[in-house]
Amino acid sequence: MPQPVQYRGMALIVPDNDSEWKEFYEHARAHRFVVRKCKACGLMRYPPTHACPWCMELGWTWQEVSGRGTIYSYEIVAHAIQPGFREMTPYAVVLVELDEQRGQPTPDEALRVIANLVKPDFTPEAEANVAIGRRVRVVFQDLADHMALPQFTLTEEPASGRVWRMPE
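Read on for an overview of the structure.

### Description of the nonpolar core
Logical step 1: Within the largest apolar cluster, 38 residues are counted, with the highest numbers of intra-cluster contacts made by Phe33, Leu98, Leu117 and Phe152.
Logical step 2: Put simply, the parts of the chain that give this core at least two residues each are strand S1 (5-7), helix H1 (19-29), strand S3 (34-38), strand S6 (68-77), strand S7 (91-98), strand S8 (112-117), strand S9 (135-144) and strand S10 (147-154).
Logical step 3: The element best represented in this core is S7, accounting for six residues.
Logical step 4: Sequence-distant contacts of Leu98, that is, excluding residues within four places in its chain, are made with Phe33, Val65, Gly67, Arg68, Gly69, Leu111, Val113 and Phe152.

Listed below in structure tokens is the structure:
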């Protein structure tokens, strides 16, 4: 049984037989952001599922991606259910459309990842700075010798497309 990793007072356990997530977090610990790439159709996917959601092929390889992208959507968590997140509220959870594979396999689909939006020191980004269209990059919060959490932080790059945020 693997040793639990502590994150915000909670035990994170990735079982030894959960090869998808075990390998994903090992790559993240090396500060490499990887997704699965289908050997048949070449499309990438996240989360790292067994079968390609577009062609159902089972063959895949890990593909390193830049970890750069655009906030496609977001949510502000005002009431944390997990005790370890209570002092972070309000905090942003973002859906990031990665630069790789934009508009594929269709104009409405792309390679998208959900994560927290944090400052480079891993504290929550201010709610006023969160907006659809803002540019982000992946940052890795090292938790143990074998695990790091990929999260996103804002960049100074110009926004992509229309910038929108929830009216207050």
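After that view of the structure, there is still more to cover.
### Concerning the packing of aromatic side chains
Logical step 1: The full count for this structure, using the stated rule, is ten aromatic pairs.
Logical step 2: Residues Phe24 and Tyr46 carry aromatic rings whose centres are separated by 5.7 Å and whose planes lie at 50 degrees to one another, so their mutual orientation is tilted. Here Phe24 is found in helix H1, whereas its partner Tyr46 is found in the loop between strand S4 (44-45) and strand S5 (60-64), with 22 residues between them in sequence.
Logical step 3: What links up through ring pairs into an aromatic cluster is the set Trp21, Phe24, Tyr25, Phe33, Tyr46 and Phe152.

### A few points about the environment of Ile13
Logical step 1: If you trace the backbone, Ile13 turns up in the loop between strand S2 (10-12) and H1.
Logical step 2: Look at Ile13 and you get partly exposed, because its relative accessible area is 41%.

### Considerations on the layout of surface pockets
Gaps left between atoms are located by rolling a probe of water-molecule size over the structure's atoms.
Logical step 1: Size it by volume and the largest pocket reaches roughly 240 Å³.
Logical step 2: In terms of lining residues, the largest pocket is bounded by 13 residues, among which Tyr7, Met10, Leu12, Gln82 and Phe85 are the most central.
Logical step 3: At the level of secondary structure, the elements contributing two or more residues to the lining of the largest pocket comprise S2 and S10.
Logical step 4: When its residues are assigned to classes, the lining of the largest pocket shows eleven nonpolar, two polar and no charged.
Logical step 5: Its volume calculated, the second largest pocket comes out at about 160 Å³.
Logical step 6: Residue lining of the second largest pocket: Trp21, Phe24, Tyr25, Phe33, Tyr46, Val113, Ile114, Ala115, Asn116, Leu149, Pro150 and Gln151, and that is the complete set.
Logical step 7: Of all the secondary-structure elements, those providing two or more residues to the lining of the second largest pocket are H1, S8 and S10.
Logical step 8: Looking at side-chain class alone, the lining of the second largest pocket contains ten nonpolar, two polar and no charged residues.

### So, the environment of Arg45
Logical step 1: Looking at the secondary structure, you find Arg45 in strand S4.
Logical step 2: Other than its neighbours up to four places away in sequence, Arg45 contacts Val35, Arg36, Lys37, Cys38, His50, Ala51, Cys52, Pro53, Trp54, Trp60 and Leu111.

### Quick look at the pairing of S8
Side chains on a regular strand alternate between the two faces of the sheet.
Logical step 1: The buried fraction of S8 amounts to five of the six residues, a majority that puts the element mostly inside the structure.
Logical step 2: Relative to S8, S7 is paired through six bridges, and the arrangement is antiparallel. Residue pairing across strands places Leu95 opposite Ile114, the latter belonging to S8.

### Quick notes on H1
Logical step 1: The set of residues buried in H1 consists of Glu20, Phe24, Tyr25, His27 and Ala28. Buried residues of H1 fall within an arc of 155 degrees about the axis and therefore sit on the same side.
Logical step 2: Where the residues of H1 are buried, they touch S3, S5, S9 and S10.
Logical step 3: Two residues or fewer past H1, His31 is found with a positive phi of approximately 60 degrees.

### Focus: the pattern of salt bridges
Logical step 1: Tallied over the entire structure, the rule returns nine salt bridges.
Logical step 2: Notably, a salt bridge pairs Glu97 with Arg112, separated by 2.8 Å at the nearest N-O pair. In this pair, Glu97 is assigned in strand S7 and Arg112 in strand S8, connecting sequence segments 15 residues apart. The two residues Glu97 and Arg112 agree in class, both being buried.
Logical step 3: One network of salt bridges, in which partners are shared, links Arg68, Asp99, Arg135 and Glu157.

Thresholds applied
- Residues numbered from 1 in each chain as written.
- Predicted model: local features only at pLDDT ≥ 70, side-chain atom pairs only at ≥ 80, totals over all residues.
- Heavy atoms only, no water.
- Core = buried A, V, L, I, M, F, W, Y, C linked by side-chain atoms within 4.5 Å.
- Buried < 20%, exposed > 50% of the residue type's maximum accessible area, 1.4 Å probe, protein only.
- Helix = DSSP H or I, 4+ residues; strand = E, 2+ residues; numbered from the N terminus.
- Contact = heavy atoms within 4.5 Å.
- Phe/Tyr/Trp six-rings, centres within 6.5 Å; stacked < 30°, edge-to-face > 60°.
- 1 Å grid on protein atoms, 1.4 Å probe; cavity = no way out; pocket = protein on both sides within 12 Å on 5 of 7 lines; lining within 4 Å.
- Points joined across faces, edges and corners; volume = space filled by probe spheres on them.
- Nonpolar A, V, L, I, M, F, W, Y, C, P; charged D, E, K, R; others polar.
- Pairing = 2+ DSSP bridges.
- Arc of directions from axis to C-beta.
- Salt bridge = Lys/Arg side-chain N within 4 Å of Asp/Glu carboxyl O.

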